[in-house]
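Breakdown of the fold
One letter stands for each residue in the lines below.
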2 protein chains.
Amino acid sequence: MMKGLLAVLLVLMAISSSMGKPEKQAEKKEKRVPQTLSRGWGDELIWAQTYEEALYKSHSSNKPLMVIFHLEDCPHSSALKKAFANHKEIQKIADEDFILLNLLFETTDKHLSPDGQYVPRILFVDPSLTVRADITGRYGNRLYAYEPSDLHLLLSNMHKAKKLLKTEL
Amino acid sequence: MMKGLLAVLLVLMAISSSMGKPEKQAEKKEKRVPQTLSRGWGDELIWAQTYEEALYKSHSSNKPLMVIFHLEDCPHSSALKKAFANHKEIQKIADEDFILLNLLFETTDKHLSPDGQYVPRILFVDPSLTVRADITGRYGNRLYAYEPSDLHLLLSNMHKAKKLLKTEL
């Protein structure tokens, strides 16, 4: 039983060292606000909880999946989140045409980190379950990073992701 | 890139056929309530979002992990959830001594389904990342199932899970 999980552990160790400290625990004894799945990226949108769920929903609905990696203490993530949540056109197309997932922790699927693990970064996955590594932002050293001023490019990339890949059978 | 995800797809196909229809989409145009990570199992508790996150937190905090598999349209899940959320002692020990995760979708880790995939079921994972298949409920055909009347057994199993396994180095 140990063996099956050891690979996961090794990946996690690598992630933990690159992620800094885990989220702060909420203060004890203070009434806690329930955590939301949107985490501020659009409370009106429907979010998948896990990558497995998101892949299943993308495949069965034939809608592309958008995966947002972020961290709660990261100012770049927060700035992008605020712009994303306030961008009416992005919120609308996200709601209508995408399966959505935002993650604070990396998955074990290395296809979701074609040029490394950093935040914020946004990857698209075709319903054929192919990660769209070809859909990139404008930074040569961090291909899947976006800044608040890049939302026009993100929107155009969302339109690109909507053009589904042909599945070869 | 396709290949890496094909194994996941095969697992998902198997899951989808055993899970019935996916969650209902919220009605369009109606103001949506943000989805919570607790999903009703204890709004005051801190929930991990994904299995990867939960494993990481269990290992780094040296607290056992409790994984609850459930479905929103399942009356057995709903009944157990209600009893669980209202059980003060379970909520307290869950808050203080456990990393918590509730999932609507199966993971790809078969160690979390020692006797198959069904809901509701509750598995414990030791911080050494060993799934505690030895901690079972009282139904011979569904070892990890609990009914609302079994919460005393669940509580005693939580105490069992708190006795951590010795890690052999």
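Remember, it's a predicted structure, so these values are computed and weren't measured experimentally.

A closer look at the overall build of chain A
When you go through chain A residue by residue, the secondary structure sums to 5 helices and 3 strands. Counting from the amino terminus, helix and strand elements in chain A follow one another as α-α-β-α-α-β-β-α. Taking all 169 residues of chain A together, 50% fall into the buried category. Summarising the internal contacts of chain A: among those between residues at least 6 apart in sequence, 72% fall at separations of at least 24. For chain A, the exposed area adds up to about 8,200 Å²; of that, 56% sits on carbon and sulfur atoms.

Concerning the sheet that holds strand 2 (residues 99–103) of chain B
All names here are of chain B. Strand order in the open sheet formed by 3 strands is 2-1-3, and the pairing between neighbours is mixed. Either end of the sheet is taken by a strand with one partner, and the two such strands are strand 2 and strand 3 (121–125). Put simply, the sheet's adjacent strands are angled 20 degrees from each other on average, direction ignored. Strand direction decides the pairing type here: strand 1 (residues 65–69) and strand 3, joined by 5 bridges, are antiparallel. Bridge pairing in strand 3 links L65 to V125.

A look at helix 4 (residues 88–97) of chain B
Listed in full, the buried residues belonging to helix 4 of chain B are B:I90, B:Q91, B:I93 and B:A94. Of the surrounding secondary structure, the elements contacted by the buried residues of helix 4 of chain B are helix 3 (75–86), strand 2 and helix 5 (151–162) of chain B.

Let's talk about the nonpolar core
One finds A:F124, A:L154, B:F124 and B:L154 to be the most contacted residues of the largest nonpolar core, which totals 46 residues. Beyond its immediate chain neighbours, meaning those up to four positions away, A:F124 contacts A:L65, A:M66, A:F98, A:T130, A:V131, A:R132, A:I135, A:Y146, A:L154, A:N157, A:M158 and A:A161.

Description of the pairing of strand 3 of chain B
Within strand 3 of chain B, 5 of the 5 residues are buried, which leaves it mostly tucked inside the rest of the structure. Across the two faces of strand 3 of chain B the burial is the same, with B:R121, B:L123 and B:V125 and B:I122 and B:F124 all buried.

As for the pattern of salt bridges
Tallied over the full model, the rule gives 18 salt bridges over all chains. Salt-bridge contacts for A:R32 lead to B:D95; the nearest nitrogen and oxygen are separated by 3.2 Å. Of this pair, A:R32 sits in the loop between helix 1 (2–19) and helix 2 (51–61) while B:D95 sits in helix 4, placing the two residues on different chains. Using a relative accessible area of 11% as the deciding quantity, one classes A:R32 as buried. Judged by its relative accessible area of 22%, B:D95 is partly exposed. A salt bridge links A:E106 to A:R121; the nearest nitrogen and oxygen atoms lie 2.9 Å apart. Here the residue A:E106 occupies a position in the loop between strand 2 (99–103) and strand 3 (121–125), and A:R121 occupies one in strand 3, the gap between them amounting to 15 residues. Accessibility assignment for this pair places A:E106 and A:R121 in one class, buried.

Some words on the packing of helix 4 of chain B against helix 5 of chain B
Residues and elements named next belong to chain B. Two elements in contact, helix 4 and helix 5, have axes whose closest approach is 10 Å; the angle formed by their N-to-C orientations is 20 degrees. Classified by the angle their axes make, helix 4 and helix 5 are roughly parallel. Relative to helix 5, the crossing made by helix 4 is left-handed. From helix 4, E89, I90, I93, A94 and D97 reach across to helix 5, where they touch L151, L154, L155, M158, H159 and K162. When grouped by side-chain class, the residues that make up the contact of helix 4 with helix 5 number 7 nonpolar, 1 polar and 3 charged.

Comments concerning the confidence of the model for chain A
All names here are of chain A. Across chain A, pLDDT averages 88, with 81% of residues at or above 70. Segment residues 14–24: pLDDT under 50, and 18 contacts once partners within four positions in sequence are set aside and those in other chains are kept. Two numbers describe this predicted complex: its pTM, 0.83, and its ipTM, 0.80.

Quick notes on the rules
- Residues numbered from 1 in each chain as written.
- Chains lettered and ligands numbered in written order.
- Predicted model: local features only at pLDDT ≥ 70, side-chain atom pairs only at ≥ 80, totals over all residues.
- Heavy atoms only, no water.
- Helix = DSSP H or I, 4+ residues; strand = E, 2+ residues; numbered from the N terminus.
- Buried < 20%, exposed > 50% of the residue type's maximum accessible area, 1.4 Å probe, protein only.
- Contact = heavy atoms within 4.5 Å.
- Areas by Shrake-Rupley, 256 points an atom, 1.4 Å probe, with all protein chains shown as cover.
- Pairing = 2+ DSSP bridges.
- Axes fitted to C-alpha atoms, helices over the stretch in contact; angles between N-to-C directions.
- Core = buried A, V, L, I, M, F, W, Y, C linked by side-chain atoms within 4.5 Å.
- Salt bridge = Lys/Arg side-chain N within 4 Å of Asp/Glu carboxyl O.
- Parallel < 35°, antiparallel > 145°, perpendicular 65-115°, else oblique.
- Left-handed = near helix turned anticlockwise from the far one by under 90°.
- Nonpolar A, V, L, I, M, F, W, Y, C, P; charged D, E, K, R; others polar.
- pLDDT = per-residue confidence, 0-100.

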